[in-house]
Amino acid sequence: SSKSQMEKKYPAIAGREKGPGPGRYGLPPTIGFIGHDFTKPTSPAYSFHGRISDNMYCVDSSPGPQYHVDAKITRFGKDGTPAYSMLGRMKELFQTPGPGAYSPEKAPPCNLQRRPPSYTMGSRTHYRSTDSVPAPNKYCLPPLMGPQVPNKPASASYTISGSYSTGGPSVDLAKTPGPCRYNSTDPGTYLRRQPAFSMLGRHSLPRDATKKPGPGTYNPEKVTVDKARAPAFSLGIRHSEFVTPLVVNVSD
């Protein structure tokens, strides 16, 4: 007991006391109408009608949800995809003639219409074994290229002439110079001359033996020309998070 009396009792710090978690708070439900959270929108709710027990007004004789709804039935009606079925052949009651049974070419001309010419294919002529009939490859037809075809129209034909050795158009007797033999005149001679510039050479660096300081040699933060001394910083002490700051009302 003496030991417990000697222990220093510290006052309770409200910042160390932990409050309840989020699960301790009860929010109003968002389902239904009774006690609904008024900060949330409410959707429409529907209920099933109860069964009427009075048989004088309603007699429930429905078989229940046992109807089979076809998969092709939609809320817009029946599916519009066409469906076909293969039926059996019907029994022929009478013999209908086919298209080949009609002969329209044998009908007489109506209203004195003109008929197109009709031809017949004759039989092959019977050759005698003593006749010397030539084969198809024995016949020689005139060529169709060139102007020498007697019964065919001929197009214009040209020939390429050879080069003449002397005096022809392919020989340059005057020894005319080509286009590369002529010298072009400078445009500055007969037009206004434009300004001209030249590129000078690179100047050489001075080759002295003095040592130049690098960027790391300079310390601009230690300058004392316009200040008493360079700024210095130090780390302070850690303050308690439970100390109330001193607030003093400053009078105007």
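Structural data are supplied above this passage.
What you see is a predicted model, and the numbers here were worked out from it, not measured in a lab.

### Description of the overall build of the chain
Working step 1: For the chain, the helix and strand inventory stands at one helix and two strands.
Working step 2: Here the chain holds 252 residues, and 2% of them are scored as buried.
Working step 3: Looking at the chain alone, contacts between residues at least 24 apart form 8% of all its contacts between residues at least 6 apart.
Working step 4: With the model as given, the accessible surface of the chain reaches about 28700 Å², and the carbon-plus-sulfur share is 58%.

### A look at the side chain of Asp37
Working step 1: Looking at where Asp37 falls in the secondary structure, it is placed in the loop between helix 1 (2-6) and strand 1 (73-74).
Working step 2: Although Asp37 lies buried, it forms no salt bridge, and the closest oppositely charged side chain, Lys40, sits 5.6 Å away as judged by the N-O distance.

### Examining the side chain of His36
Working step 1: Here His36 lies in the loop between helix 1 and strand 1.
Working step 2: Among the polar contacts made by the side chain of His36, one reaches the main-chain carbonyl oxygen of Thr30 at a distance of 3.2 Å.
Working step 3: There is a polar contact of 3.5 Å between the side chain of His36 and the side chain of Thr42.
Working step 4: Contact partners of His36, with chain neighbours within four places excluded, come to Pro29, Thr30, Ile31, Pro41 and Thr42.

About the thresholds
- Residues numbered from 1 in each chain as written.
- Predicted model: local features only at pLDDT ≥ 70, side-chain atom pairs only at ≥ 80, totals over all residues.
- Heavy atoms only, no water.
- Helix = DSSP H or I, 4+ residues; strand = E, 2+ residues; numbered from the N terminus.
- Buried < 20%, exposed > 50% of the residue type's maximum accessible area, 1.4 Å probe, protein only.
- Contact = heavy atoms within 4.5 Å.
- Areas by Shrake-Rupley, 256 points an atom, 1.4 Å probe, with all protein chains shown as cover.
- Lys, Arg positive; Asp, Glu negative; His and termini not counted.
- Salt bridge = Lys/Arg side-chain N within 4 Å of Asp/Glu carboxyl O.
- Polar contact = N/O pair within 3.5 Å; in protein donor to acceptor, adjacent residues only side chain to side chain.

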